Amino acid sequence: MISDLLPFGSGEQAVILAPKLREQLEVDFFCFSRGDQCGPTSASTGEWYEYEIGKRNWIGALRYLHRCLRKNRYDLVHTWDRRSTELVRWALLTAGRSARSAVWIEQLEDTPSKGALRAISGLPNPRATFAETWLAATAQRVEVLALPLAVPCPLQNKSFRSTLDLPPDVKLIGTVCPLEARHGLKHLIWCLDQLKCVRADVRLAIWGTGSQATPLRRYARHVGVDDWIFWMDPKRDVRSEMASLDLYWHAPRSVSTPSALVAALLLGLPTIAPTFAATRDLCSTWPTILKTVAWGARDEISRQTHQWLENGLPTTDGASAAAWCESHSPSAIAQEYARTYTRLLRA
């Protein structure tokens, strides 16, 4: 299992599943981490190899991975994100025939982009892809299963508000979003400006990092809401801090079920998210607290948020959520992955 450890990303899913997979299979976990992309989680069992890439040291990571693949002769290699997939592609090219007997699976990233997975001509390609049906067909690869989500237990830590020194009457909205232009954070910043025209009791906490951090902060200052935004480091214990929120806004459109959105729903937070396949499924479990709108529908996000704040925030029945969590527990999802691994190795 090879991954870059992104908060709320597929790499974090790999960390959650690794101890449970270890109960059924011999699993080694390789984490290619960067300082701005490391979460607080870690695998507690099995072999754990971590390589700090830094900003430019991808050649060192490639050499490290090359040595590991030649030495251990794995039966199956699973890459959990685009960076790791490209590292394995180059490592297999240089490792020789002795390292190519393993089944290679790649995990598609949480993005609807159709052009992100084009193979480099002449380099080895994965044998199978974990993906939604339409994206697997677009990539001309084998569908193994829809991306299942392993859900850790929600945390109930209410101390985050005190660190922000917020008055009790101020409502705190939160979002976990990469600071990249394509994920739609600008829409949420604009919504905050619309709310600022009619309310004085709203603030927004943003957990994220990315190449567009400086332009997005500049945009918030230009709109006039930078003093209402708390820019938070995603390396913090985000799940714990989210328990202090009053509402949650979800910006990115995803191929699979987004972990950050589910974490907010498990905490019982009224949530507004873009309409896509995963959120339509989640609406059946959380019909009262999850509102879906068209992606980028700024006016609708602002209107629904203002309506909730005026009429009182909705609550949800925890029975359906408990059943959903049981079916998405790390143990249940690890068994599904293990069955798929075994089927591929026997094919």
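Residues numbered from 1 in each chain as written. Predicted model: local features only at pLDDT ≥ 70, side-chain atom pairs only at ≥ 80, totals over all residues. Heavy atoms only, no water.

Q: Explain the sheet that holds strand β8 (residues 202-207) to me, please; I cannot follow it from the model alone.
A: Note: strands within a sheet are paired through backbone hydrogen bonds, in either parallel or antiparallel orientation. In space, the 6 strands of this open sheet follow the order β9-β8-β7-β10-β11-β12, with parallel pairing throughout. Looking at strand neighbours, the two that pair on one side only are β9 (229-232) and β12 (290-293), the edges of this open sheet. Along the sheet, successive strands turn relative to each other by an average axial angle of 20 degrees, direction set aside. As paired elements, strand β10 (residues 247-249) and strand β11 (residues 271-274) share 2 bridges and run parallel to each other. Each bridged residue has a counterpart across the sheet, and for Trp249 the counterpart in β11 is Ile272. Relative to β12, helix α10 (residues 277-285) is tilted by about 150 degrees, and along the sheet it contacts β11 and β12. (Pairing = 2+ DSSP bridges. Helix = DSSP H or I, 4+ residues; strand = E, 2+ residues; numbered from the N terminus. Axes fitted to C-alpha atoms, helices over the stretch in contact; angles between N-to-C directions. Contact = heavy atoms within 4.5 Å.)

Q: In this structure, what is going on with helix α9 (residues 259-266)? I would like to understand it.
A: For an α-helix, 3.6 residues make a turn, and residues three or four places apart therefore share a direction. Burial within α9 is extensive, with 8 of its 8 residues counted as buried. In the stretch just after α9, Gly268 is the one whose phi turns positive, near 80 degrees. (Buried < 20%, exposed > 50% of the residue type's maximum accessible area, 1.4 Å probe, protein only.)

Q: For this particular structure, what's the right way to read the pairing of β12?
A: Working note: regular strand, side chains alternate between the two faces of the sheet. When β11 meets β12, the two strands line up parallel, connected through 4 bridges. Across the sheet, the residue bridging to Ala273 is Thr292, located in β12. Between the parallel elements β11 and β12, the chain passes through α10 in a crossover that is right-handed. (Right-handed = clockwise from strand over helix to strand, strands pointing away.)

Q: Any chance you could explain the environment of Leu164 here in plain terms?
A: Within the secondary structure layout, Leu164 lies in helix α5 (residues 160-164). Expressed as a C-alpha distance, the spacing of Leu164 and Ala205, which sit 41 residues apart in the sequence, is 9.7 Å. Every residue in contact with Leu164, bar those within four places of it in the chain, is listed here: Leu172, Phe230 and Met232.

Q: Mind showing me how you'd approach the environment of Arg339 here?
A: Mapped onto the elements, Arg339 comes out in helix α13 (residues 330-346). Separated by 315 residues in sequence, Arg339 and Gln24 have C-alpha atoms that sit 9.7 Å apart.

Q: For this particular structure, what's the right way to read the packing of helix α1 (residues 10-22) against α13?
A: Describing two packed helices takes the angle between their axes plus the distance from one axis to the other. Contact pair α1 / α13: the axes reach a minimum separation of 9 Å and the direction vectors enclose 70 degrees. It follows that α1 is roughly perpendicular to α13 by the angle criterion. The interaxial crossing formed by α1 with α13 has right-handed handedness. Residues Ile16, Leu17, Lys20 and Leu21 of α1 pack against Pro330, Ser331, Ile333, Ala334, Tyr337, Ala338 and Tyr341 of α13. Looking at the contact of α1 with α13, its residues break down into 9 nonpolar, 1 polar and 1 charged. (Parallel < 35°, antiparallel > 145°, perpendicular 65-115°, else oblique. Left-handed = near helix turned anticlockwise from the far one by under 90°. Nonpolar A, V, L, I, M, F, W, Y, C, P; charged D, E, K, R; others polar.)

Q: Before we go on, may I ask you to explain the environment of Ala61 in this structure?
A: If you trace the backbone, Ala61 turns up in helix α2 (residues 58-72). Separated by 29 residues in the primary sequence, Ala61 and Phe32 have C-alpha atoms spaced 7.4 Å apart.

Q: Could you clarify how one ought to interpret the packing of aromatic side chains in this entry?
A: How two aromatic rings sit relative to each other is given by the distance of their centres and the angle of their planes. Under the definition given, this model contains 5 aromatic pairs. Ring plane angle 65 degrees and centroid distance 5.5 Å describe the contact between Trp286 and Trp324, whose orientation is recorded as edge-to-face. You can see Trp286 sitting in the loop between α10 and β12 and its partner Trp324 sitting in helix α12 (residues 318-327), a full 38 residues away along the chain. Residue Trp286 shares its accessibility class with Trp324, and that shared class is buried. Note on Tyr337 and Tyr341: the rings are 6.2 Å apart at their centroids and 50 degrees apart in plane angle, and the pair reads as tilted. Of this pair, Tyr337 and Tyr341 are both found in helix α13, 4 residues apart, which corresponds to roughly one turn of the helix. Taken as a pair, Tyr337 and Tyr341 share a single burial class, namely buried. Feature note: the residues Trp80, Tyr337 and Tyr341 constitute an aromatic cluster, connected by ring pairs. Above the plane of the ring of Tyr219 lies Lys186, whose end atom (NZ or CZ) is 4.9 Å from the centre. The positively charged end of Arg203 is found above the aromatic ring belonging to Trp228, 4.5 Å away from the centroid. (Phe/Tyr/Trp six-rings, centres within 6.5 Å; stacked < 30°, edge-to-face > 60°. Lys NZ or Arg CZ within 6 Å of the ring centre and 35° of its normal.)

Q: What should I look at first to understand the side chain of His78 in this one?
A: Topologically, His78 is positioned in strand β4 (residues 76-79). There is a polar contact of 3.3 Å between the side chain of His78 and the side chain of Trp80. A distance of 2.5 Å separates the side chain of His78 from the side chain of Tyr341, its partner in a polar contact. (Polar contact = N/O pair within 3.5 Å; in protein donor to acceptor, adjacent residues only side chain to side chain.)

Q: Would you mind showing me how to read the side chain of Asp246 here?
A: If you trace the backbone, Asp246 turns up in the loop between α8 (238-242) and β10. Taking the relative accessible area as the measure of exposure, Asp246 reaches 18% and is therefore buried. For Asp246, the side chain forms a polar contact with the side chain of Arg161, separated by 3.1 Å. At a separation of 2.8 Å, a polar atom in the side chain of Asp246 contacts the main-chain amide nitrogen of Leu172.

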